[in-house]
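What the coordinates show
Residue strings, one per chain:
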Amino acid sequence: MDYTDKLAQSIRSVKPSGIRRFFDIVNEMDHVISLSVGEPDFQTPWHVREAGIASLEKGKTWYTPNRGFKELCAEIVKFYKRKYHLTYSPTEECVVTVGGSEAIDIALRCLVTRGDEVLIPQPSFVCYEPLTVMAGATPVLIETKAEDAFRLTPQQLEEHITPNTKLLILPYPNNPTGGIMERADLEAIAEVVKKHDLMVLSDEIYSELTYGGKKHVSVASIDGMQERTVVINGFSKAYAMTGWRLGYALGPAPIIAMMVKLHQFCIMSAPTTAQYAAIEALRHGDNDIETMRNEYDMRRRFVVGSLNDMGLTCFNPEGAFYCFPCIKSTGLSSEEFCTRLLQSKHVALVPGSAFGDCGEGYVRLSYSYSIKHLTRAMQLIREFLKEL
Amino acid sequence: MDRLLQLLSENSSLSTEQLSMMLGEPEDYIAAQIKEYENSGIIRGYQAVVDWDEVPDSGVMAMIELKVAPQQQKGFDDIAERILAYEEVETVYLMAGAYDLLLTVKGKTIQDVSAFVAKHLAAMDGILSTATHFMLKRYKENGVSLIDSKNDGREMIV
């Protein structure tokens, strides 16, 4: 049977992820030294896993309330207060979702529709553009630049605003560049956002992985921005809980109410066991974050130092766990670079072009790996460059 | 704990250049720091972590508990010093609990180790009793798991 006509045109027209295509090649090879995975190499801290196990032992296997356990929402709100000085109502301004991804999806579907334009800084995570399209709206891409530390500038923002612009996505700390937005950067962006009466979706999933003594600043904490921001965060990166599939959104009550409505129809409630574990993580997990962050930070310095040393100019990433070295000096495209590196040295990176056209000329390297693994990979990349 | 010492204790083959990048300190500072640890005796040596189970004819290993009569003034130090002089003895620890000294002893065969215990340890003045446990399999050595699967466990996923 030919399913072409049976499938919705809207979903058929969405481009498959560029990372996916590259991973398919990697998966067919043996003995690959991968630096391509976008999740922590740490396991979920044991006390957090124990809380999940204990809930199962007690037979707590039912749905939770649609918006998530009250205790969990209360802890999430406390976390945002403690870390980022924001005050939210746990009962009206918080929803627990299946990972940050679901929160991004339902936030987009609640905020934009046909005719609306969504501003998406790139290079950035691969989901914003297709999810915007699936919400019926039009993605408008903004190319951030290495010379601006991959930060969004108010000038760039102004240039892309039209009467149809409705929403700005702020993906910081950024995957794949490791770029962050500091308070002054956000204040300048906030002025433009308020002037044009835009809304902001702030994807802060890597917020706790900010380095060099700097602390993450949420755009919602800038004067006048809380009322026009939906904050997305979750447990995957900060607590190494990717497989538990748990995230959340914080925002103005009328928006969260709509998101809960959508969430209850398509998801019911986020995983119960994961919610029990997450309560434990938020209550007693601050030290775990600290330990993992210190470890990532050390790897970050090592990888950035090594890359610069071998002649691949690397912008100094200050967040997430990625480096985004420039490979233009090799004369190769980012896809050629990755393919040849994979074939000759069995080292897997992700072409920068997978994160938007403006990622061309760069590659993404995840340092969510042991020092031993990273040392070996750096040695092989060095050899590869010499042999070019 | 000192980060430099921790890193070296996990992997002593890291170069000063690599350590300098990882810790964000100048290379000559790292080199001086290591020299100081070596001179002061905090760093006593650098060894490879070997999975002896994978090496043919690498012999046997035993843990030996010793109950010891402490000597006046010297306590357990004197007898510990006499014991550590034997090359068969890999480690010597003073313990709190049901016995006093814990040794790890290496030998070619079980008979060799037994003979060592009978001839040298049990016969030594001040040793009240010995209990010898032969090691069957190593799962973890010096913080390194010896049963690590080569598989990362993480999926290639977007």
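Residues numbered from 1 in each chain as written. Chains lettered and ligands numbered in written order. Predicted model: local features only at pLDDT ≥ 70, side-chain atom pairs only at ≥ 80, totals over all residues. Heavy atoms only, no water.

Attention now moves to the overall build of chain B. For chain B, the helix and strand inventory stands at five helices and six strands. Across chain B, helices and strands are ordered from the amino to the carboxyl terminus as α-α-α-β-α-β-β-α-β-β-β. Over its C-alpha atoms chain B spans a radius of gyration of 20 Å, topping by over 25% the 15 Å that the globule rule assigns to 158 residues. Along the longest, intermediate and shortest principal axes, the C-alpha atoms of chain B span 60 × 40 × 30 Å. (Helix = DSSP H or I, 4+ residues; strand = E, 2+ residues; numbered from the N terminus. Rg over C-alpha atoms; globule rule 2.2 N^0.38 Å.)

Residues and elements named next belong to chain B. If you check helix α5 (residues 110-121), its first and last C-alpha atoms are 15 Å apart, about what 12 residues at 1.5 Å a residue would give, namely 16 Å. When we look at burial in α5, the residues that qualify are Val113, Phe116, Val117 and Leu121. Angular distribution of buried residues about the axis of α5 spans 95°; they occupy a single face of the element. When the buried face of α5 is taken as reference, the exposed residues oriented beyond 90 degrees from it are Gln111 and Lys119. (Expected span 1.5 Å × (residues − 1). Buried < 20%, exposed > 50% of the residue type's maximum accessible area, 1.4 Å probe, protein only. Arc of directions from axis to C-beta.)

A separate point is the pattern of salt bridges. Should the charged atoms of two oppositely charged side chains come close, the side chains can pair. Residues and elements named next belong to chain A. Taken as a whole and assessed by the stated rule, the structure comprises 28 salt bridges over all chains. Between Glu75 and Lys78 there is a salt bridge whose closest N-O contact spans 3.3 Å. Pair noted here: Glu75 and Lys78 are both in helix α4 (residues 70-84), with a separation of three residues, about one helical turn. With a relative accessible area of 6%, Glu75 lands in the buried category. When its relative accessible area of 46% is taken as the criterion, Lys78 is described as partly exposed. As a salt-bridge pair, Glu387 and Lys345 come within 3.1 Å of each other at their nearest N and O atoms. You can see Glu387 sitting in helix α13 (residues 371-387) and its partner Lys345 sitting in helix α12 (residues 334-345), a full 42 residues away along the chain. The class for Glu387 is exposed, based on a relative accessible area of 55%. Bridged by salt links that share partners, the residues Arg151, Glu182, Asp185, Lys214 and Glu318 form one connected network. (Salt bridge = Lys/Arg side-chain N within 4 Å of Asp/Glu carboxyl O.)

We now examine the nonpolar core. Residues and elements named next belong to chain A. One finds Leu35, Val303, Leu307, Phe337, Leu349, Met378 and Ile381 to be the most contacted residues of the largest nonpolar core, which totals 70 residues. The residues touching Leu35, leaving out its near neighbours within four places in the chain, are Ala348, Leu349, Arg364, Leu365, Ser366, Tyr369, His373, Leu374, Ala377, Met378 and Ile381. Counting residues in hydrophobic clusters, the runner-up holds 31 residues, among them Leu86, Tyr88, Ala220 and Leu246. (Core = buried A, V, L, I, M, F, W, Y, C linked by side-chain atoms within 4.5 Å. Contact = heavy atoms within 4.5 Å.)

Let's shift gears to the interface of chain B and chain A. Chain B puts 15 residues into the contact, and the matching count from chain A is 26 residues. Between chain B and chain A we count one salt bridge in total. Notably, a salt bridge pairs Arg3 of chain B with Glu295 of chain A, separated by 4.0 Å at the nearest N-O pair. Between the two partners, chain B and chain A, sit three residue pairs in polar contact (both at pLDDT 80 or more). Among the secondary structure elements, those contributing two or more residues to the side of chain B that touches chain A are α1 (3-10) and α2 (16-23) of chain B. The element contributing the most residues to the side of chain B that touches chain A is α2 of chain B, with five residues. (Polar contact = N/O pair within 3.5 Å; in protein donor to acceptor, adjacent residues only side chain to side chain.)

A word on the side chain of Asn175 of chain A. Residue and element names in this part refer to chain A. Within the element layout of this structure, Asn175 appears in the loop between β5 (165-170) and α8 (183-195). A residue is classified by how much of its surface remains accessible, and Asn175, at 8% relative accessible area, is buried. In this structure the side chain of Asn175 is engaged in a polar contact, spanning 2.9 Å, whose partner is the side chain of Arg364. The contact partners of Asn175, leaving out residues within four places of it in the chain, are Pro123, Ser124, Phe125, Tyr206, Tyr322, Phe355 and Arg364.

This paragraph deals with the domain arrangement of chain B. According to the domain assignment, chain B contains domain 1 (3-40) and domain 2 (52-138). One C-alpha centre belongs to domain 1 of chain B, the other to domain 2 of chain B, and the line joining them spans 34 Å. (Domains from an automatic or database assignment.)

Once that is clear, we can look at the sheet that holds strand β7 (residues 229-234) of chain A. Residue and element names in this part refer to chain A. If you trace the seven strands from one edge of the open sheet to the other, you get β2-β8-β7-β6-β5-β3-β4, paired in mixed fashion. Strand pairing shows two members of the sheet lacking a second neighbour, β2 (94-97) and β4 (138-143), which therefore form its edges. The average angle at which neighbouring strand axes cross in this sheet is 20°, direction not considered. The sheet contacts of helix α5 (residues 99-111) involve β2, β3 (117-122), β5, β6 (199-203), β7 and β8 (247-250), and relative to β7 the element is tilted by about 160°. (Pairing = 2+ DSSP bridges. Axes fitted to C-alpha atoms, helices over the stretch in contact; angles between N-to-C directions.)

Residues and elements named next belong to chain B. With antiparallel pairing, the four strands of this open sheet are ordered in space as β2-β3-β1-β4. Only two strands of the sheet have a single partner each, and these edge strands are β2 (89-94) and β4 (127-134). Taken over all neighbouring pairs, the strand axes of this sheet differ in orientation by 20° on average, direction set aside. For strand β1 (residues 60-68) and strand β3 (residues 101-107), the ladder comprises seven bridges, and the chain directions are antiparallel. Paired with Glu65 across the two strands is Leu102, which belongs to β3.

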